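Reading the structure
The lines below spell out each chain.
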Amino acid sequence: MKNIVLFGAPGAGKGTQASLLAEKYDLIHLSTGEMLRKEVAQDTPLGRRVKDIMLRGDLVGDDIVVNLIAKAIDTGRGTTMDEWDEIRLRRACGLADNEPLPEKPQPSIIYDGFPRTVQQCQMLEFIFRQKERKLDAVISIDVPQEELVRRIHERALVSNRSDDTEEVIRHRLEEYEDKTRPVLDYYKVSGRLISIDGSGEISETNGRLCKVMDALLERN
Ligand code: AMP
């Protein structure tokens, strides 16, 4: 049962790379951004609470995302699954396709877009202690600022994300610098941080990530 955090600024490619890794290594993919967008799309009470915050490009409250993550860990239900995907979950638990799922599944998980504040890191540690999990690695996808801005603008042309406009993008990058970058130092100190170059093509970054994952999962 592995726990791997994929870290990076907006536009670093966390979502794309997390999906690819989840597929290749049989991991449950948890994206707090996707979970929140789903709440907004379904117009739930939580969705109504976070909608304007997300539209402005602010971070939503730590307690909100931590609750979403804690629940998702318990169910083992990934954010890229449209509905309960038992086969994926079995594989993420290291079980054969026909083996029954335990009552409390313990899948390997890749976290995308979480934790994003030092407070969230501390809350995640608390959750892991409760659930007898441990953090195996934090992989940071490093991309220079100009390239991040270029990519988000490019994405804005094709995405229907309402937080991909010029002003909001600038604010999301400011939020990253103020609140999220300190997460890097937090994990650097504990020796769990692995940084990779994410400035190139998707496949190049994926190749670098797979080398790290192979070593982490001892698949060499
Ligand atoms: P993302 O899809 O990861 O870029 O997230 C989109 C938006 O969701 C962010 O700009 C925040 O408003 C919110 N969000 C996602 N993850 C978090 C988090 N871990 N902490 C706070 N806000 C988050």
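This one's a predicted model, so the numbers in the text were calculated from it and none came from an experiment.

Here we come to the pairing of strand S4 (residues 137-142). Burial runs high along S4: five of the six residues are buried. Examined bridge by bridge, strand S1 (residues 3-7) and S4 share four bridges and lie parallel to one another. When the sheet's bridge partners are listed, Phe7 is paired in S4 with Ser140.

Another point: the sheet that holds strand S3 (residues 109-112). One open sheet holds the five strands; their spatial order is S2-S3-S1-S4-S5, and the pairing between them is parallel. This sheet does not close on itself; its edge strands, each paired only once, are strand S2 (28-31) and strand S5 (193-197). In this sheet, adjacent strand axes meet at a mean angle of 20° when their direction is disregarded. Against the sheet, helix H1 (residues 14-25) contacts S1, S2, S3 and S4, and its axis sits at roughly 170° relative to S3. Docked against the sheet, helix H8 (residues 166-189) engages S1, S4 and S5, running at close to 140° with respect to S1.

Reading the values: the criteria
Residues numbered from 1 in each chain as written. Predicted model: local features only at pLDDT ≥ 70, side-chain atom pairs only at ≥ 80, totals over all residues. Heavy atoms only, no water. Buried < 20%, exposed > 50% of the residue type's maximum accessible area, 1.4 Å probe, protein only. Helix = DSSP H or I, 4+ residues; strand = E, 2+ residues; numbered from the N terminus. Pairing = 2+ DSSP bridges. Axes fitted to C-alpha atoms, helices over the stretch in contact; angles between N-to-C directions. Contact = heavy atoms within 4.5 Å.

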